Amino acid sequence: DNMPTILVGRSASGKSTLLRLVSGEETPTSGTVATEGLAEPIIIDRKPPLDDSKSVLGGIVAAPKDQQRNNKSVEQVALYFATMLGLTLDQLQSKPSNLSPSGQFLFGLACGCLCSVMPALSATANSQTAPDITERSLPGPILLLDELFDFEHSDVAAKCCPGIDSLIQKTGAVVIIATHKPHHWEPLG
């Protein structure tokens, strides 16, 4: 049974620094930090910006900045992660500002998932067919949640926990959570 890793500590104890080391945003002064596979660790520390010029699904598809636009599988993979996290087809067709607070966080998590697996999708960019994502041909995303729900009511986090759990269980996602409020994550076990 896979579970997220939860980092708890006082302010300035190194939780965020550890996440930046894992993501490669910072370089260790000694030793190395390595992640395996084609997924890229993505830090998520706030709700995504809400751009109503696109639908929720369109916003997820547009999240990776350096994606190859001719990759036919990007939308399929975005839909896969979004529905696994708990966003409904109606929500995916609506505007981001119409989402509830927990829906906005799920939107941000789906964006993070897509950004994390983009190296694997880019490897298949020249393929005419999308990878069979039900066969785990994609790596599980690596999400580093940096105090993501610490300033939200615990109900918002609780509504996101089933989607995060589904993501971990079904894709083998790695989720590391730095928080001052571990009780927000009790629904994850």
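In what follows, the structure referred to is the one given above.
Fair warning: this is a prediction, and the values are worked out from it, not measured in the lab.

*Asks:* Break down the pairing of strand β3 (residues 142–146) for me, citing the residues and quoting the values.
*Replies:* Summarising burial for β3: 5 of the 5 residues are buried, a large majority. Bridge analysis of strand β2 (residues 41–44) against β3 gives 4 bridges, and the strand direction is parallel. Among the inter-strand pairings, Ile42 is bridged to a residue of β3, identified as Leu143. As judged from the 5 bridges shared by β3 and strand β4 (residues 174–179), these two strands associate in the parallel manner. Following the sheet pairing, Asp146 is matched in β4 by Ala178. Handedness of the β-α-β unit built from β3, helix α6 (residues 154–171) and β4 comes out right-handed.

*Asks:* So what about unusual backbone geometry? Which residues, and what values?
*Replies:* The backbone of Ala12 shows a phi angle near 65°, a positive value even though the residue is not glycine. Note on placement: Ala12 falls in the loop between β1 (5–8) and α1 (15–23). Look at Ala12 and you get exposed, because its relative accessible area is 85%. Within the chain, Glu147 stands out as a residue other than glycine whose phi angle is a positive 55°.

*Asks:* Which residues make up helix α3 (residues 74–85), and what values go with them?
*Replies:* The first and last C-alpha atoms of α3 sit 17 Å apart over 12 residues, in line with the 16 Å expected at 1.5 Å per residue. Just downstream of α3 lies Gly86, where phi reads positive at about 115°.

*Asks:* Any details on the environment of Asp45? Residues and values, ideally.
*Replies:* Along the chain, the position of Asp45 falls in the loop between β2 and α2 (56–62). Overall, Asp45 belongs to the partly exposed group, its relative accessible area being 35%. With residues up to four places along the chain from it excluded, the contact list for Asp45 reads Asp146 and Leu148. A distance of 2.6 Å separates the side chain of Asp45 from the side chain of Arg46, its partner in a polar contact.

*Asks:* Outline the sheet that holds β1, supporting the account with residue identities and numerical values.
*Replies:* Paired through their backbone hydrogen bonds, the strands of a sheet run either parallel or antiparallel. Pairing is parallel in the open sheet, where 4 strands are placed in the order β1-β4-β3-β2. A single partner strand is all that each edge strand has here, and the edge strands are β1 and β2. Strand-to-strand twist of the sheet, defined as the mean angle between neighbouring strand axes without regard to direction, takes the value 15°.

*Asks:* Could you give an account of the pattern of salt bridges, naming the residues involved and the relevant values?
*Replies:* Tallied over the entire structure, the rule returns 3 salt bridges. Two residues, Lys54 and Asp51, come together in a salt bridge whose shortest N-O distance is 3.6 Å. The exposure class assigned to Asp51 is partly exposed, which follows from its relative accessible area of 38%.

*Asks:* So what's going on with the state of the cysteines? Residues and values would help.
*Replies:* Taken as a whole and judged by the stated rule, the model has 0 disulfides. Of the cysteine sulfurs around Cys160, a residue in no disulfide, the closest is that of Cys161, at 7.3 Å. For Cys160, a relative accessible area of 0% gives the class buried. Given the relative accessible area of 2%, Cys161 is considered buried.

Criteria and cut-off values
- Residues numbered from 1 in each chain as written.
- Predicted model: local features only at pLDDT ≥ 70, side-chain atom pairs only at ≥ 80, totals over all residues.
- Heavy atoms only, no water.
- Buried < 20%, exposed > 50% of the residue type's maximum accessible area, 1.4 Å probe, protein only.
- Helix = DSSP H or I, 4+ residues; strand = E, 2+ residues; numbered from the N terminus.
- Pairing = 2+ DSSP bridges.
- Right-handed = clockwise from strand over helix to strand, strands pointing away.
- Expected span 1.5 Å × (residues − 1).
- Contact = heavy atoms within 4.5 Å.
- Polar contact = N/O pair within 3.5 Å; in protein donor to acceptor, adjacent residues only side chain to side chain.
- Axes fitted to C-alpha atoms, helices over the stretch in contact; angles between N-to-C directions.
- Salt bridge = Lys/Arg side-chain N within 4 Å of Asp/Glu carboxyl O.
- Disulfide = S-S within 2.5 Å.

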